[in-house]
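# Descriptive analysis of the structure
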Amino acid sequence: MTPAELPRAPLACGDLSALLRAGNPAAFPTDTLPALAMAPAWAVELWQIKQRAANKPLILMAAGRDELLAALGMPPPQGWEQLANQGWPGGLTLVLPAKGAVVEALNPGGSSLGLRIPACPMALQLLRCTGPLATTSVNRSGQPACTSPEEIAKNFPSLALLAPLPWPSGSGKASTVVGWQQGENGSCWQILRQGNLGINIAEIGRSEQS
């Protein structure tokens, strides 16, 4: 291995947050799968690390709702709070209409942004230090997601990891994704990906076009 490829020692929260704020990638545990993260301004590098098509958007992860809603650049649609109450903190990603710099960084050319608050104390502590982060699973495109720091160190030896080890175990499954979908007959909530978390959308508001 070259010096740049040598495995890195795990970093404490303060050191890792400084690394992230300076525009470097890092990995940390969540209650679902470990997250590969960067500050939103440098998110383009995540697609390069994953060797992933740029039309697959990233998720904005934060420790609180206000930070996530501020990134939307517009008011959230009716019903978002009822859904958030079911899955935040936890294994729910809400895909909401968005505009502005953050959506352009995480979903180039798109008009929606995936938002999540994880239910993992280590992740929340880091996110309180860094602010919102662009995140995705830790894997190369088409390969299974890494589920442990050992797997991450093996596949991405130069990637910084959050200390201490071992990490708390996650579910090993991706988050459930619920999105606000606009159609010819109105807009409604739809489950876009069923993960480990069950979400009830039946009672959530629907907006009809006039």
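Refer to the structure above for everything that follows.
Notes on the structure follow. (Residues numbered from 1 in each chain as written. Predicted model: local features only at pLDDT ≥ 70, side-chain atom pairs only at ≥ 80, totals over all residues. Heavy atoms only, no water.)

Mapped onto the fold, Thr 30 is located in the loop between strand E1 (26–28) and strand E2 (35–38). Take Thr 30: its relative accessible area is 3%, and that puts it in the buried class. A polar contact is formed between the side chain of Thr 30 and the backbone nitrogen of Thr 32, at a distance of 3.0 Å. Looking at Thr 30, its side chain comes within polar contact range of the main-chain oxygen of Leu 33, at 2.6 Å. Setting aside residues no more than four positions away along its own chain, Thr 30 makes contact with Ala 35, Met 61, Arg 116, Pro 118, Cys 120 and Gly 170. (Helix = DSSP H or I, 4+ residues; strand = E, 2+ residues; numbered from the N terminus. Buried < 20%, exposed > 50% of the residue type's maximum accessible area, 1.4 Å probe, protein only. Polar contact = N/O pair within 3.5 Å; in protein donor to acceptor, adjacent residues only side chain to side chain. Contact = heavy atoms within 4.5 Å.)

Turning our attention to the packing of helix H1 (residues 13–21) against helix H6 (residues 121–130). How two helices sit against one another is set out by the angle between their axes and by the gap between those axes. Close contact between H1 and H6 brings their axes to 9 Å; oriented N to C, the two are set at 50°. Looking at the two axes, H1 sits oblique to H6. The interaxial crossing formed by H1 with H6 has right-handed handedness. Contact residues: Cys 13, Leu 16, Ser 17, Leu 20 and Arg 21 in H1; Gln 125, Leu 126, Cys 129 and Thr 130 in H6. By residue class, the composition of the contact of H1 with H6 is five nonpolar, three polar and one charged. (Axes fitted to C-alpha atoms, helices over the stretch in contact; angles between N-to-C directions. Parallel < 35°, antiparallel > 145°, perpendicular 65-115°, else oblique. Left-handed = near helix turned anticlockwise from the far one by under 90°. Nonpolar A, V, L, I, M, F, W, Y, C, P; charged D, E, K, R; others polar.)

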